[in-house]
Amino acid sequence: MGAKAIGRRIVQLLFVTWGAVTIVFFVGRVLPVEPALVHSGPNATPEMVAATRERLGLDQPLAVQYVSYLKQLLQGDLGKSLLTGRDVVADLQARLPASLELIAVALTLAGGAALVLAMAAAARPNGFAARIGNAVAFTGTALPTILLGVLLLYVFYLVLPWAPPPLGRLGLRIAEPPRVTGFLLVDSVLAGRWDAFRSAAHHLVLPSVTLALSIFPQLFRVLRENMAASLRSDALAAVRLAGVKPYVMWRHYILPLAAGPGLTMLAASFGYLVGGTVLVEHIYSWNGIGSYVVQAIEAGDYNGVQGVVLISALAYGISFFLADFFAMRVDPRWGREDERHGHTA
Amino acid sequence: MVIRLERMRTSIAWWRHVPFSLVILLLLAFGSLVVNPLLKLDPTTTNIAHQYAEPSKQHLLGTDGAGRDVFARVMAAAQVDLGIAFAASLASVTVGTLLGAIAGYAGGRWERVLLHVFDIWQAIPGMLLGLLTLAVTGPGIVPLISVIAVINIPVYARMVRSEMAPLRHAPLVEAARLSHVSEAKILLVYLLPRTLTSAIAYLPVQAGFSVAMAAGFGFIGLGVKPPAAEWGAMISEGIADMLFFGAWWIPLAPGAMLALTVFLFYRVGHWLAKKVGNGVGGAV
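Note that the structure is predicted; figures quoted are calculated from it, not measured. (Residues numbered from 1 in each chain as written. Chains lettered and ligands numbered in written order. Predicted model: local features only at pLDDT ≥ 70, side-chain atom pairs only at ≥ 80, totals over all residues. Heavy atoms only, no water.)

A few points about the overall build of chain A
Consideration 1: Counting its regular elements, chain A contains 14 helices and zero strands.
Consideration 2: Reading chain A from its N terminus to its C terminus gives the helix and strand order α-α-α-α-α-α-α-α-α-α-α-α-α-α.
Consideration 3: The dimensions of chain A, computed from C-alpha atoms along their principal axes, are 80 × 55 × 40 Å.
Consideration 4: Buried residues in chain A amount to 47% of all 345 residues.
Consideration 5: Nonlocal contacts in chain A, meaning residues at least 24 apart in sequence, comprise 73% of its contacts between residues at least 6 apart.
Consideration 6: Of the accessible surface of chain A, which amounts to about 17,100 Å², a share of 65% is contributed by carbon and sulfur atoms.
Consideration 7: Across chain A, 27 positive and 21 negative side-chain charges occur, with their mean positions spaced 12 Å apart. (Helix = DSSP H or I, 4+ residues; strand = E, 2+ residues; numbered from the N terminus. Buried < 20%, exposed > 50% of the residue type's maximum accessible area, 1.4 Å probe, protein only. Contact = heavy atoms within 4.5 Å. Areas by Shrake-Rupley, 256 points an atom, 1.4 Å probe, with all protein chains shown as cover. Lys, Arg positive; Asp, Glu negative; His and termini not counted. Charge placed at Lys NZ, Arg CZ, Asp CG, Glu CD.)

Written out as structure tokens, the structure is:
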């Protein structure tokens with residue numbers, strides 16, 4: 001892949017991030033609500049609101065405010081949170097790993113299951129694996145995330161008492177391992193604390209399966225359609241006639257073609273998960289950025305909300321960049337196709 | 001003979017072609033308006049003597065922690081959720097279609113700028129864009145409708161633009177210009193109806209998403225104010241009742257209705273996409 005294509009993607013990423021920042025700025029200032037009121041919280045007195053207006057420079061012209069806002073962001077300053085009284089950046093550092101761990105496990109579960117089941121379903125459209133894949137995809141499509149979460153909780157906590165109570169990331173009697181990365185699975189391994197590892201994994205099962213089920217259908221369908229189309233193609237018939245082994249056929253002919261659409265769908269799923277985690281963290285009392293943003297809204301803490309939104313938009317942009325990057329490495333035509341049509345689905 | 005029968009069926013018994021899912025969906029919408037008054041049920045009447053009553057003849061879906069009839073609440077909530085989805089879909093398809101039509105018809109620099117705007121619009125995951133806006137406006141039905149509409153606008157705009165762009169240089173446009181038809185009329189009257197295929201086919205699916213999204217915002221407390229009923233808020237409030245009192249019907253009844261509604265919209269969308277696809281496929 002050429003450096004030019006990468007450069008173009010980086011410019012695109014920067015442009016979209018700038019756009020997101022601008023939207024966040026204008027939603028905060030231009031909507032017909034007094035921003036100083038929003039920033040000083042719901043219980044502020046008129047004097048406090050006036051003080052806030054001055055402190056935030058809200059009496060300045062909009063353009064001046066915009067420039068100083070950009071400057072602040074470039075210095076990594078997201079302001080103070082009304083909810084916790086700390087810097088939003090510090091809050092995010094404390095809360096982000098919990099959500100990322102959940103999202104990473106969910107992406108791995110959904111991506112792995114979709115890949116394996118789609119390969120089986122493409123090879124044997126009426127086989128057992130294909131039926132399982134279709135059934136799971138149907139479940140994920142038909143049941144909204146909130147119902148999935150509550151239903152799994154009902155079945156696996158109340159009816160079959162297999163799952164731990166939905167009260168956070170660790171059992172009540174388990175001490176948290178010393179914080180290194182913030183990912184409990186990683187930290188407990190680093191500290192050699194197997195009890196904490198088991199408890200963290202146990203608590204991750206239901207929320208991550210809920211999230212995984214909600215993104216599985218799109219992943220499964222995209223991969224299956226792509227692989228089935230490759231298998232049907234004349235090119236692959238020729239490859240088969242040449243006596244190429246099935247492993248080589250999948251590794252070099254079918255999987256690389258499915259990489260582009262599959263990775264793009266994975267990146268899109270990541271965006272969905274960022275929203276979905278807000279709902280799932282609410283069900284399972286998960287102490288991540290999803291529950292943080294809800295608490296911030298309840299407290300009228302605009303800085304907290306915009307911090308979460310900005311970090312998510314940035315992560316979403318980066319995930320698309322990475323998806324394109326890896327897809328181009330596997331299938332060099334991926335980037336060029338994009339140039340020809342202007343836009344990919 | 002067989003063919004003749006087939007023809008009779010398509011011309012006379014048109015109702016045979018209305019899908020089951022659409023009928024149920026309309027019944028549900030109609031039912032949400034009339035069932036409570038007809039059965040003299042009230043979604044907000046509390047009755048502490050009858051709290052956590054299991055589903056029975058007297059209370060079809062049981063009662064909640066305040067002794068309110070869950071069936072009455074589910075039906076009252078249907079009004080709210082379907083209403084939000086209806087209003088939001090209408091708003092987003094209207095604005096999205098107009099923006100997309102303008103982008104596709106104008107072409108050139110305007111088209112590129114608008115496409116970039118749609119890109120950025122969609123770069124913030126919808127749920128978060130909604131949270132951001134609701135953080136400023138505060139919870140409520142009107143903000144919720146606007147938020148869901150805003151999230152969906154770029155989807156329609158893209159669809160309509162991609163169908164409008166190839167029509168921009170159609171002979172029809174040139175002919176109309178030569179006979180001094182105004183640009184606005186060419187765009188709105190001559191071209192727009194030809195570009196609505198995928199937008200219309202997508203509308204029911206998006207209405208289903210909108211129901212789920214409305215319930216999602218209600219779930220985290222950004223929907224209607226209690227004691228009014230809304231599916232997402234009912235599910236959220238019911239989780240504790242389910243965990244501590246085993247009252248599974250309180251969150252699962254509205255959950256099942258939510259899932260049924262989303263599924264029905266999805267089926268209707270599937271049917272419509274096929275219909276529209278068949279009708280227009282040869283014409284373009």
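Points about the overall build of chain B
Consideration 1: The number of helices and strands found in chain B is eleven helices and zero strands.
Consideration 2: Counted from the first residue to the last, chain B has its helices and strands arranged as α-α-α-α-α-α-α-α-α-α-α.
Consideration 3: Taken over the C-alpha atoms alone, chain B extends approximately 80 × 60 × 25 Å along its principal axes.
Consideration 4: Each of the 284 residues in chain B was classed as buried or not, and the buried ones make up 51%.
Consideration 5: Considering only contacts in chain B between residues 6 or more positions apart, those separated by 24 or more positions represent 70%.
Consideration 6: When the accessible area of chain B is evaluated, it comes to approximately 13,900 Å², of which 69% is carbon and sulfur surface.

Digging into the interface of chain A and chain B
Consideration 1: With 45 residues of chain A in contact, the opposing surface of chain B contributes 41 residues.
Consideration 2: For the chain A and chain B pair, buried surface summed over both sides reaches about 3,600 Å², with 87% attributable to carbon and sulfur atoms.
Consideration 3: When the area that chain A buries against chain B is broken down by residue, the three leading residues are I146, V150 and I297 of chain A, summing to 15%.
Consideration 4: Connecting chain A to chain B are zero salt bridges.
Consideration 5: In this assembly, chain A and chain B are joined by two residue pairs in polar contact (both at pLDDT 80 or more).
Consideration 6: At the level of secondary structure, the elements contributing two or more residues to the side of chain A that touches chain B comprise α1 (3–30), α6 (128–142), α7 (145–159), α11 (246–283), α12 (289–298) and α13 (302–330) of chain A. (Buried area = accessible area lost by both parts, 1.4 Å probe. Salt bridge = Lys/Arg side-chain N within 4 Å of Asp/Glu carboxyl O. Polar contact = N/O pair within 3.5 Å; in protein donor to acceptor, adjacent residues only side chain to side chain.)

Looking at a nonpolar patch on the surface
Consideration 1: The grouping of L314, I318, L322 and F326 of chain A at the surface amounts to a nonpolar patch, some 320 Å² of accessible area in total.
Consideration 2: Since its relative accessible area comes to 38%, L322 of chain A is described here as partly exposed. (Patch = residues over 30% accessible without salt bridge, like charges linked within 9 Å, V, L, I, M, F, W, Y side chains within 5 Å.)

Describing the side chain of S32 of chain B
Residues and elements named next belong to chain B.
Consideration 1: Structurally, S32 is set in helix α2 (residues 20–38).
Consideration 2: A relative accessible area of 3% places S32 in the buried class.
Consideration 3: Of note is the side chain of S32, whose polar atom sits 2.7 Å from the backbone oxygen of A29.
Consideration 4: Beyond its immediate sequence surroundings of up to four residues, S32 is in contact with M75, A78 and Q79.

Concerning helix α5 (residues 126–137) of chain B
Residue and element names in this part refer to chain B.
Consideration 1: Over its twelve residues, α5 extends 16 Å from the first C-alpha to the last, a length consistent with the 16 Å expected when each residue adds 1.5 Å.
Consideration 2: For α5, a buried count of ten out of twelve residues is recorded, marking the element as mostly surrounded by other parts of the structure.
Consideration 3: Restricting attention to buried positions, one finds in α5 the residues M127, L128, L129, G130, L131, L132, T133, L134, A135 and V136.
Consideration 4: Backbone geometry just after α5 places G138 at a positive phi near 85°. (Expected span 1.5 Å × (residues − 1).)

Quick notes on helix α6 (residues 141–164) of chain B
Consideration 1: Relative to the 34 Å expected for 24 residues at 1.5 Å per residue, α6 of chain B spans 34 Å between its end C-alpha atoms, a close match to the ideal helical length.
Consideration 2: With 17 of its 24 residues buried, α6 of chain B lies for the most part within the structure.

A closer look at the pattern of salt bridges
Consideration 1: Summed over the entire model, instances satisfying the criterion amount to ten salt bridges over all chains.
Consideration 2: Where R9 of chain A meets D324 of chain A, a salt bridge forms, and the shortest distance between an N and an O atom there is 2.2 Å. Residue R9 of chain A is located in helix α1, and its partner D324 of chain A is located in helix α13; the two are separated by 315 residues in the primary sequence.
Consideration 3: Among the salt bridges present, the one from E101 of chain A reaches R169 of chain A, with a minimum N-O distance of 2.8 Å. Here the residue E101 of chain A occupies a position in helix α5 (residues 88–123), and R169 of chain A occupies one in the loop between α7 and α8 (184–190), the gap between them amounting to 68 residues. Both residues of the pair, E101 of chain A and R169 of chain A, count as buried.
Consideration 4: Through salt bridges that share partners, E111, R161 and R168 of chain B make up one connected network.

Structural notes on the confidence of the model for chain B
All names here are of chain B.
Consideration 1: Predicted confidence across chain B gives a mean pLDDT of 83, with 92% of residues reaching 70 or more.
Consideration 2: Note that residues 1–5 has pLDDT below 50 and, in this model, zero contacts with residues that lie over four places away or in other chains.
Consideration 3: In the predicted structure, residues 278–284 sits below a pLDDT of 50 and forms two contacts with residues beyond four places in sequence or in another chain.
Consideration 4: Among the scores for the predicted complex, ipTM is 0.83 and pTM is 0.85. (pLDDT = per-residue confidence, 0-100.)

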